[in-house]
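Breakdown of the fold
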Amino acid sequence: LAPVTPFITEMMYQNLARALPDGHALKAASVHFVMIPAFNPEVMDLEIAVAVRRMQVVIELGRTCRDRRKVGLKTPLRALVVMNSSQDFIKDVRLLQEYIQD
């Protein structure tokens, strides 16, 4: 896959760049000429960042439990019970439940 990845990336960029207006900073002749934009903390949604971090904690704990019980990552679980005293934690995990199940 490595030899064709640059070409796939270029094709995706060319298709997406059509949506950008002429003269836009991210619209260049090639994706390889576009600089990575600087981090803008104003566009970061802290609620989503917290929810994703909570999802990562659940996934890491699940992997730790699988490792201790010698259960492979590809073996599906019958159930996963998440317990936490914070209702916000539970709400965030439910919001991202599909990602955890994958």
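In the Ramachandran plot, Lys-70 falls in the positive-phi region, its phi being about 60 degrees despite a non-glycine side chain. Tracing the backbone shows Lys-70 in the loop between α2 (46–68) and α3 (87–95). Lys-70 gets classed as exposed once you look at its relative accessible area, which sits at 73%.

Relative to the helices and strands, Ser-30 is located in the loop between α1 (5–17) and α2. There is a polar contact of 2.7 Å between the side chain of Ser-30 and the side chain of Glu-10. If sequence neighbours within four positions are ignored, Ser-30 has contacts with Glu-10, Tyr-13 and Gln-14.

On to the nonpolar core. Core analysis: the largest hydrophobic core is formed by seven residues, namely Ala-51, Met-55, Val-58, Phe-89, Val-93, Leu-96 and Ile-100. Mapped by element, the contributors of at least two residues to this core are α2 and α3. Considering each element in turn, this core owes the most residues, three residues, to α2. Discounting residues that sit within four places of it in the chain, Ala-51 has contacts with Asp-92 and Leu-96.

The terminal C-alpha atoms of α1, which comprises 13 residues, lie 18 Å apart, in line with the 18 Å expected from a rise of 1.5 Å per residue. When we look at burial in α1, the residues that qualify are Glu-10, Tyr-13 and Ala-17. Buried residues of α1 fall within an arc of 65 degrees about the axis and therefore sit on the same side. Opposite its buried face, α1 presents the exposed residues Phe-7, Met-11 and Leu-16, each directed more than 90 degrees away.

Now for the environment of Leu-1. If you trace the backbone, Leu-1 turns up in the segment before α1. As a C-alpha pair, Leu-1 and Phe-89 span 88 residues in sequence and 39 Å in three-dimensional space.

Mean pLDDT over the protein chain: 92, with 100% of residues reaching 70 or higher. At the level of individual helices and strands, the protein chain shows its lowest average pLDDT in helix α4 (residues 97–101), which scores 91, and its highest in α3, which scores 96.

Conventions and cut-offs
- Residues numbered from 1 in each chain as written.
- Predicted model: local features only at pLDDT ≥ 70, side-chain atom pairs only at ≥ 80, totals over all residues.
- Heavy atoms only, no water.
- Helix = DSSP H or I, 4+ residues; strand = E, 2+ residues; numbered from the N terminus.
- Buried < 20%, exposed > 50% of the residue type's maximum accessible area, 1.4 Å probe, protein only.
- Polar contact = N/O pair within 3.5 Å; in protein donor to acceptor, adjacent residues only side chain to side chain.
- Contact = heavy atoms within 4.5 Å.
- Core = buried A, V, L, I, M, F, W, Y, C linked by side-chain atoms within 4.5 Å.
- Expected span 1.5 Å × (residues − 1).
- Arc of directions from axis to C-beta.
- pLDDT = per-residue confidence, 0-100.

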